[in-house]
Amino acid sequence: QLQLVESGGGLVQPGGPLRLPCATPGSILSSNIKGWYRQAPGKGRELVATITSGGTPEYADSVEGRFTLSKDNAKNTVSLEMHNLKPEDTAVYYCNAYQWRQYYWGQGTQVTVSS
């Protein structure tokens, strides 16, 4: 059973927005979602946004001011809201959770920023 499911990816023009929800259809608690990562073609996986142990979000310098984490407790989702997207934001985006002393990843959702 999938524990984390990302959605919302697609093709968007530069400057446009996208919202990527991370859902927890299995036994993972949405409160244990730790953040979002991305992997561009030919590159390693990099941290985009994370929720610190104090509950505050932190963002990579490359997305600061453009990306925001948001929680929907009713839907048990943590979403990455992206604005003013740039071609260099093109990547597969993954959410990440820590529960039962191990990390869990979703299958990812492709975001392509192109005109």
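Residues numbered from 1 in each chain as written. Predicted model: local features only at pLDDT ≥ 70, side-chain atom pairs only at ≥ 80, totals over all residues. Heavy atoms only, no water.

Novice: How should the pairing of strand β10 (residues 102–105) be read in this particular structure?
Specialist: Each regular strand displays side chains that alternate between the two surfaces of the sheet. By the bridge criterion, four bridges tie strand β9 (residues 91–99) to β10 in an arrangement that is antiparallel. Bridge pairing links Ala97 to Tyr104 in β10. What sits between β9 and β10 in their antiparallel hairpin is a turn of two residues, with Trp100 showing a positive phi close to 55°. (Pairing = 2+ DSSP bridges. Helix = DSSP H or I, 4+ residues; strand = E, 2+ residues; numbered from the N terminus.)

Novice: Explain the nonpolar core here, please?
Specialist: What tends to happen in soluble globular proteins is that the nonpolar side chains get buried as a cluster. Ranked by internal contacts, the top residues of the largest apolar core, which has 26 residues, are Leu4, Trp36, Phe67, Leu80, Met82 and Tyr93. Secondary-structure elements contributing two or more residues to this core are β3 (18–23), β4 (33–39), β5 (45–51), β7 (67–72), β8 (77–82), β9 and β11 (109–113). Ranked by the residues each element gives to this core, the list is headed by β9, at four residues. (Core = buried A, V, L, I, M, F, W, Y, C linked by side-chain atoms within 4.5 Å. Buried < 20%, exposed > 50% of the residue type's maximum accessible area, 1.4 Å probe, protein only.)

Novice: Just checking my understanding: could you explain the pattern of salt bridges for this structure?
Specialist: Between side chains of opposite charge, pairing is possible as soon as their charged atoms come close. Tallying each qualifying case throughout the model produces four salt bridges. With a shortest N-O distance of 2.6 Å, Arg38 and Glu46 are connected by a salt bridge. In this structure Arg38 comes out as buried when scored by relative accessible area, which is 6%. Accessibility expressed as a relative area gives 36% for Glu46, which makes it partly exposed. Residues joined by salt bridges that share partners form a network here, namely Arg38, Glu46, Arg66 and Asp89. (Salt bridge = Lys/Arg side-chain N within 4 Å of Asp/Glu carboxyl O.)

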